[in-house]
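Breakdown of the fold
Each chain, letter by letter, is given below.
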Amino acid sequence: MLFNSYFFLFVFLPVCVMGFFLIGARNSRLACLWLVGASLIFYGYWKWNFIWLLLASIIFNFYLGTRITTSRDRNSGSNAKYLLIVGIATNLALLAYFKYGAFLLEQFTALFDLRPRHSTAKLPIGISFFTFTQIAFLVDCYRRLARDKDPVRYALFVAYFPHLVAGPLLHHAQVMPQFQRRKTFVFQNKNLEIGLSVFAIGLFKKVVLADGIAPYANAVFDASAAGATLTFFDSWLGAVAYALQLYFDFSGYSDMAIGLSRLFGISIPANFASPYKAKSMIDFWRRWHISLSQFLRDYLYIPLGGNRHGKIRRYMNLMVTMLLGGLWHGAGWTFVLWGGLHGIFLAVNHIFRASLGRQLPIDRFRIGSAFSWALTFIAVVVAWVPFRSANAYSMLLMLKSMFGFYGASFNGLFASGLTDWGTGLPWVISLLILCLAMPNTVEFMSRYQIAKINPELVKSDGSFSSILRWRLDFRWALVTGTILSLGIVGIGMHEKSPFLYFQF
């Protein structure tokens with residue numbers, strides 16, 4: 001089921017919210033069960049036969065987590081470690097079968113020159129998110145950091161529909177305790193008003209901004225996939241258009257998840273903090289897909305040794321982490337290359353910081369700060385090319401075009417009529433200005449602390465004009481109503497427009 005669908009907005013969501021609070025007024029545990037059931041219906045609306053997979057995963061990991069906790073309490077460290085290894089291996093095997101089975105089979109047949117066979121396994125939506133979420137839970141059971149043994153709260157933590165299919169990756173300590181609070185089950189008008197406002201912003205980002213610029217990005221990348229020769233301007237405008245489409249699509253989903261959670265009185269982490277304002281790759285990864293960055297740091301980079309074993313080992317750990325982070329996004333060498341590029345960018349960034357201090361001298365001046373931003377943004381956009389490209393060949397065509405191998409005239413897609421940069425270019429410029437000049441959603445709603453986030457990443461001290469900070473009053477109700485109305489109209493203009501991260 002899509003957040004950006006009329007059925008979700010006008011049928012599923014009202015019934016789900018009303019049922020939760022009506023039942024919660026009498027019995028909070030039954031209200032949690034109601035929300036678990038609603039979340040399973042939400043997931044099964046796409047493909048009912050995959051509900052069993054989600055349920056089996058929840059039951060298996062909860063059982064194993066309680067066994068690990070019991071073993072640790074009995075000081076049976078070796079048994080707990082064995083259970084942890086079994087749990088991680090089983091989860092990764094499940095993920096490998098559904099997500100990487102076809103890719104691995106293709107590589108195997110190519111390596112041994114065998115007759116290719118097509119995998120019949122379809123990718124269950126959200127499998128990466130609920131698998132990684134539960135691996136983190138098992139690790140924390142082993143570390144004695146997960147103590148809640150209630151099966152209903154655990155099932156709700158995993159299946160909770162606002163984050164289920166595209167994140168953010170939730171940590172059990174962030175959510176499960178909130179479903180123990182009595183006030184969570186008491187309806188509050190303030191939560192309704194704030195939640196719907198944040199949801200409206202996310203819906204607008206998705207169906208108006210992301211879906212609005214998508215045709216220009218698609219035209220360029222589809223032409224590249226078809227083997228067309230692109231010009232310098234075509235390729236760069238297409239690449240930047242995709243960077244903006246991906247940001248507004250994914251951050252729009254994350255905003256909607258935050259808003260939906262607020263309807264239930266639940267606070268979940270923010271996943272974005274103006275990543276395209278970053279002036280270094282280190283800063284970019286503190287701001288982009290924050291929950292994944294934290295997961296990779298806490299459950300992969302640090303266990304590998306982090307920066308504790310010298311510089312060379314540190315950069316190797318960083319590269320391994322980013323390569324696996326790329327592979328997490330999809331079964332393909334282009335995703336691995338994307339991760340590798342970011343690994344290289346981060347290593348270079350760390351080397352410069354270690355050599356010249358935490359703040360580069362160039363950043364002390366306005367022109368230097370602008371240069372740092374431009375270099376970071378260009379690197380990010382270039383790295384998005386393998387992420388978006390259909391295959392290695394189309395990726396090379398795009399990159400060669402972006403580096404001027406095929407000229408810099410405007411006699412490309414614009415002249416052929418495949419796309420109209422007369423309208424596309426203003427879209428690109430407008431959305432880029434919006435990213436750079438406007439507060440992000442957490443800053444926009446800073447009076448009400450809508451999501452958990454590192455305070456260093458947002459300006460919540462009034463640095464933005466009060467005109468750009470939302471509040472509970474009639475004026476902002478009109479603005480929010482207008483944004484929501486535009487989003488609802490936009491749904492009809494882009495029927496069945498799934499979120500980009502559904503495929504990851």
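Keep in mind the model is a prediction, meaning the values are calculated, not measured.

Side note on the overall build of the protein chain
The helix and strand tally for the protein chain stands at 19 helices and zero strands. Counting all 504 residues of the protein chain, 54% fall into the buried class. Pairs at least 24 apart in sequence give 77% of the contacts found in the protein chain among residues at least 6 apart. Carbon together with sulfur atoms contributes 65% to the accessible area of the protein chain, which is approximately 22900 Å² in total.

Re the confidence of the model for the protein chain
Chain-level statistics for the protein chain give a pLDDT mean of 86 and a share of 89% at 70 or above. Looking over the protein chain, one finds the lowest element-wise mean pLDDT in helix α16 (residues 413-416), namely 48, and the highest in helix α1 (residues 6-24), namely 95.

Focus: helix α12 (residues 311-329)
For α12, built from 19 residues, the straight-helix expectation of 27 Å at 1.5 Å per residue is met to within 8% by its first-to-last C-alpha distance of 27 Å. Turning to α12, its buried residues number three or more, namely Tyr315, Asn317, Leu318, Thr321, Met322, Gly325, Gly326, Trp328 and His329.

Thoughts on the side chain of asparagine 271
With respect to the helices and strands, asparagine 271 occurs in the loop between α9 (232-263) and α10 (281-287). Exposure remark for asparagine 271: the relative accessible area of 1% places this residue in the buried category. Only 2.9 Å separates the side chain of asparagine 271 from the side chain of serine 291, close enough to count as a polar contact. Every residue in contact with asparagine 271, bar those within four places of it in the chain, is listed here: Pro168, Phe250, Ser254, Arg287, Trp288, His289, Ile290 and Ser291.

Quick notes on α1
For α1, spanning 19 residues, the distance from its first C-alpha to its last is 26 Å, which sits close to the expected 27 Å at 1.5 Å a residue. A bend of about 35° at phenylalanine 12 is the largest found in α1, and the proline proline 14 appears one to four places after it. Among the residues of α1, Phe8, Leu9, Phe12, Leu13, Cys16, Val17, Gly19, Phe20, Phe21 and Gly24 are the ones counted as buried. Where α1 is buried, its residues meet α2 (28-44), α8 (189-225), α9 and α19 (474-493).

Section: the environment of glycine 65
Tracing the chain through its elements places glycine 65 in helix α3 (residues 51-73). You can call glycine 65 buried: its relative accessible area is 1%. Sequence separation between glycine 65 and arginine 147 is 82 residues; the distance between their C-alpha atoms is 9.5 Å. Those residues in contact with glycine 65 that lie beyond four places of it in its chain are Phe137, Leu138 and Cys141.

What about the packing of aromatic side chains?
Per the stated rule, a full pass over the model turns up 51 aromatic pairs. The interplanar angle of 80° and the centroid separation of 5.8 Å between the aromatic rings of tyrosine 160 and phenylalanine 179 together place this pair among those described as edge-to-face. With tyrosine 160 in the loop between α6 (151-159) and α7 (172-175) and phenylalanine 179 in the loop between α7 and α8, the pair connects residues that are 19 residues apart, well separated along the chain. By relative accessible area, which is 0% here, tyrosine 160 ends up buried. For phenylalanine 179, a relative accessible area of 3% translates into the label buried.

Structural notes on the pattern of salt bridges
Here the structure, examined in full by the defined rule, presents nine salt bridges. For the salt bridge of arginine 143 with aspartate 140, the shortest nitrogen-to-oxygen distance reads 3.9 Å. When the shortest N-O distance is used, the salt bridge between aspartate 249 and lysine 206 registers 2.7 Å. Placement of aspartate 249 in helix α9 and of lysine 206 in helix α8 is noted, with a sequence separation of 43 residues between them. Exposure remark for aspartate 249: the relative accessible area of 1% places this residue in the buried category. Exposure remark for lysine 206: the relative accessible area of 1% places this residue in the buried category.

A few points about the packing of helix α11 (residues 290-301) against α12
Running from N to C, α11 and α12 point in directions that differ by 125°, and their axes come no closer than 10 Å. Regarding the angle of α11 to α12, the classification is oblique. Remark: the crossing between α11 and α12 carries right-handed chirality. Contact residues: Leu292, Leu296, Leu300 and Tyr301 in α11; Arg314, Asn317, Leu318, Thr321, Leu324, Gly325, Trp328 and His329 in α12.

A short note on the packing of α9 against helix α15 (residues 392-402)
Where α9 contacts α15, the two axes come as close as 7 Å, and the packing angle between them is 115°. In terms of their interaxial angle, α9 and α15 are classed as roughly perpendicular. The element α9 and its partner α15 pack so that their crossing is left-handed. For the pair α9 and α15, the contacting residues are Phe232, Ser235, Trp236 and Ala239 in the first and Met398, Ser401 and Met402 in the second. Each residue belonging to the contact of α9 with α15 can be placed in one class, and the counts come to five nonpolar, two polar and no charged.

Thoughts on a nonpolar patch on the surface
A contiguous nonpolar patch, built from Tyr6, Phe7, Phe10, Val11, Val15, Trp34 and Tyr45 and spanning about 650 Å² of accessible area, is present on the exposed surface. Looking at which element gives the most residues to the nonpolar patch, the answer is α1, with five residues. Of note, phenylalanine 10 is situated in helix α1. Among the residues examined, phenylalanine 10 registers a relative accessible area of 53% and is labelled exposed.

Re the side chain of serine 293
Positionally, serine 293 belongs in helix α11. Only 3.3 Å separates the side chain of serine 293 from the backbone oxygen of tryptophan 288, close enough to count as a polar contact. In contact with serine 293, not counting residues within four places along its chain, are Trp285 and Trp288.

Some remarks on unusual backbone geometry
Glycine aside, a negative phi is what most residues show, and trans is what most peptide bonds show. In the Ramachandran plot, arginine 144 falls in the positive-phi region, its phi being about 65° despite a non-glycine side chain. With respect to the element layout, arginine 144 can be found in the loop between α5 (127-142) and α6. Here histidine 289, not a glycine, exhibits a phi torsion of approximately 45°, which is positive. Tracing the backbone shows histidine 289 in the loop between α10 and α11.

Quick notes on the environment of glycine 332
Structurally, the position occupied by glycine 332 is in the loop between α12 and α13 (333-356). On the basis of relative accessibility, which here comes to 11%, the residue glycine 332 falls in the buried class. Each C-alpha atom, one on glycine 332 and one on proline 386, is 9.9 Å from the other, the two residues being 54 residues apart in sequence.

Conventions and cut-offs
- Residues numbered from 1 in each chain as written.
- Predicted model: local features only at pLDDT ≥ 70, side-chain atom pairs only at ≥ 80, totals over all residues.
- Heavy atoms only, no water.
- Helix = DSSP H or I, 4+ residues; strand = E, 2+ residues; numbered from the N terminus.
- Buried < 20%, exposed > 50% of the residue type's maximum accessible area, 1.4 Å probe, protein only.
- Contact = heavy atoms within 4.5 Å.
- Areas by Shrake-Rupley, 256 points an atom, 1.4 Å probe, with all protein chains shown as cover.
- pLDDT = per-residue confidence, 0-100.
- Expected span 1.5 Å × (residues − 1).
- Polar contact = N/O pair within 3.5 Å; in protein donor to acceptor, adjacent residues only side chain to side chain.
- Bend = angle between axes of the 7 residues up to and from the residue.
- Phe/Tyr/Trp six-rings, centres within 6.5 Å; stacked < 30°, edge-to-face > 60°.
- Salt bridge = Lys/Arg side-chain N within 4 Å of Asp/Glu carboxyl O.
- Axes fitted to C-alpha atoms, helices over the stretch in contact; angles between N-to-C directions.
- Parallel < 35°, antiparallel > 145°, perpendicular 65-115°, else oblique.
- Left-handed = near helix turned anticlockwise from the far one by under 90°.
- Nonpolar A, V, L, I, M, F, W, Y, C, P; charged D, E, K, R; others polar.
- Patch = residues over 30% accessible without salt bridge, like charges linked within 9 Å, V, L, I, M, F, W, Y side chains within 5 Å.

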